[in-house]
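Fold and geometry: a report
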Amino acid sequence: MHSAHSGMRSVHVLALLAVALVAVAIAFMTIGANGRWGFVLPFRGTKLASLLLVGCAVATATVLFQTVSGNRILTPAIMGFDELYRLIQTGLVVGIGTGGFGDPRLRFLAETGAMVLFALLLYRWLLARNAGGLHRLLLVGVIGGVLFRSLSQFLQRMLDPNQFVVLQTSFFANFNAVRPDLLALAALLVLAAGLATWRLLPRLDVLLLGRDAAIALGVDHRRTLTQALVLVALLVSVSTALVGPVTFLGLLVAHLAYRMIPTYRHAVVLPAAALVAAITLVGGQLVLERVFSLNAALSIVIEFLGGLTLLVLLARRPR
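Quick word on the overall build of the protein
Across its full length, the protein holds twelve helices and zero strands. Along the chain direction, N to C, the helices and strands of the protein fall in the order α-α-α-α-α-α-α-α-α-α-α-α. Counting all 319 residues of the protein, 47% fall into the buried class. When contacts within the protein are restricted to residue pairs at least 6 apart in sequence, those whose partners lie at least 24 apart make up 78%. For the protein, the accessible surface area stands at approximately 16200 Å², while carbon and sulfur atoms represent 67% of it.

Structure, rendered in structure tokens:
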């Protein structure tokens, strides 16, 4: 009876989240649309698609990472992806200036490939031998982030003030300048990662029981762990290369999903987290642009709320 009740409640929550997302999306597309619809719809549609795509990617990556790490206050940012992205941006400005990097698709693929390659090298090096590799992986990720940040700050001292101002704008997530061709490419990568994640769902549920229990139940723990971390790297790399870093978004929406969904099953938690992330991004952009008429970056507000969420989680007494 309890299982059936939880299942019905989960379905109701997902349905309500889906309805809320549709309502927010319609409001985002229509409120304040005073110009020609031939211009407004493609412009806002591209922005809406980028918000939905990044929300799904970040939410999925965070839930996966918290599952394999066994810790619900960690996010993929601990692996140093954001700092590596900033180092890449700084290196490009130092190396070729602010004039551009040629084909934007090539730049997107290069940035995504660099972050995924960094993650794969870490996984191959640290997870290949024993079960303690995951904890060392997290530690090396933290150290790598510090190293990337230090190198980035060193290179920034070589820039003139105008170059530095241009560089700073790329350090915050920007949903206003997403190219449709890059959006389509990112959507294909996120779709592939989503399909691969769907195939892992039963094994991910077993991973929550711990390494020993998962192995006893017949799950290849090391292989499943590696596959999940590769998917995390791909999702985070794609979203970061597309719009920029959104560090605390995943932490915020993942815990909202955990609160709303009374089950551990990833088949329910992952869609809930993705829907919450999409509602948060689209609703936040709608409020900033249409209600307050602000040009402030949405990521700044998200980081503030996510930081508060982290402080609350750290201050909460363990049960």
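What to know about the environment of Gly45
Topologically, Gly45 is positioned in helix 2 (residues 37–69). Considered as a pair, Gly45 and Phe28 are 17 residues apart in the sequence and their alpha carbons are 9.3 Å apart. The residues touching Gly45, leaving out its near neighbours within four places in the chain, are Met29 and Val40.

Focus: the packing of aromatic side chains
Aromatic rings considered in pairs are described by the distance between their centres and by the relative angle of their planes. As enumerated under the stated definition, the model contains one aromatic pair in all. With centroids separated by 5.1 Å and ring planes inclined at 70°, the aromatic side chains of Phe118 and Phe148 adopt a geometry described as edge-to-face. Here the residue Phe118 occupies a position in helix 4 (residues 104–126), and Phe148 occupies one in helix 5 (residues 133–156), the gap between them amounting to 30 residues. With a relative accessible area of 11%, Phe148 lands in the buried category.

As for helix 11 (residues 266–291)
For helix 11, with 26 residues, the first-to-last C-alpha span of 35 Å sits near the 38 Å given by 1.5 Å per residue. Summarising burial for helix 11: 21 of the 26 residues are buried, a large majority.

A word on the nonpolar core
One finds Val54, Met79, Phe81, Tyr123, Leu229 and Leu242 to be the most contacted residues of the largest nonpolar core, which totals 86 residues. Top element by residues in this core is helix 11. It accounts for 13 residues. Filtering out sequence-adjacent residues up to four positions away, Phe81 remains in contact with Pro76, Met115, Ala119, Tyr123, Ala233, Val236 and Ser237.

Notes on empty space enclosed by the protein
Applying the stated criterion across every chain yields a total of one cavity of 30 Å³ or more. Looking at the largest cavity, its volume works out to about 130 Å³. Lining the largest cavity we find 15 residues, and of these Val58, Asp82, Val236, Val246 and Thr247 sit closest to its centre. Its residues assigned to classes, the lining of the largest cavity shows eight nonpolar, six polar and one charged.

Section: the pattern of salt bridges
Tallied over the full model, the rule gives four salt bridges. Residue Arg86 pairs with Glu83 through a salt bridge whose shortest N-O separation is 3.5 Å. With a gap of three residues between them, Arg86 and Glu83 both fall in helix 3 (residues 81–96), about one helical turn apart. Like Arg86, the residue Glu83 is buried in the burial classification. For Arg149, the salt bridge identified is with Glu83, shortest N-O distance 3.6 Å. Placement of Arg149 in helix 5 and of Glu83 in helix 3 is noted, with a sequence separation of 66 residues between them. We classify Arg149 as partly exposed; its relative accessible area is 34%. Overlapping salt bridges bring together Glu83, Arg86 and Arg149 as one network.

Procedures and definitions
- Every chain's residues receive numbers from 1 upward, in the order its sequence appears when written.
- Residue-level local features of this predicted model are given only where pLDDT is at least 70; pairs of side-chain atoms are given and counted only at 80 or more, and the full residue set underlies all totals for whole chains, interfaces and linings.
- Only hydrogens and water are set aside; all other atoms, that is, all heavy atoms of the structure, feed into the side-chain values.
- Think of it this way: any DSSP run of H or I at least four residues long counts as a helix, any run of E at least two long counts as a strand, and we number them from the N terminus.
- For the exposure calls, accessible area comes from a 1.4 Å probe over protein chains only, and a residue counts as buried if that area is under 20% of its type's maximum, exposed if over 50%, partly exposed in between.
- We call two residues in contact whenever any of their non-hydrogen atoms come within 4.5 Å of each other.
- Throughout, the Shrake-Rupley method with a 1.4 Å probe supplies accessible areas, and for residues the shown protein chains are the sole cover considered.
- Two aromatic rings from Phe, Tyr or Trp, using only the six-membered ring of Trp, form a pair when their centres are within 6.5 Å; if the ring planes differ by under 30 degrees the pair is stacked, by over 60 it is edge-to-face, and anything between is tilted.
- Helix span, as expected, comes to 1.5 Å for every residue beyond the first.
- Side-chain atoms within 4.5 Å link the members of a nonpolar core, which is a set of buried Ala, Val, Leu, Ile, Met, Phe, Trp, Tyr and Cys residues.
- As defined here, a cavity is a set of points on a 1 Å grid over the protein atoms alone where a 1.4 Å probe fits but cannot get out. A pocket is an open set with protein on both sides within 12 Å along at least five of seven lines, and residues line them when an atom is within 4 Å of a point.
- Grid points are joined across faces, edges and corners, and a volume is the space filled by probe spheres set on the points.
- Residue type decides the class: Asp, Glu, Lys and Arg count as charged, Ala, Val, Leu, Ile, Met, Phe, Trp, Tyr, Cys and Pro as nonpolar, and the leftover types, Gly among them, as polar.
- We define a salt bridge as a contact between a side-chain nitrogen of Lys or Arg and a carboxyl oxygen of Asp or Glu at a distance within 4 Å.

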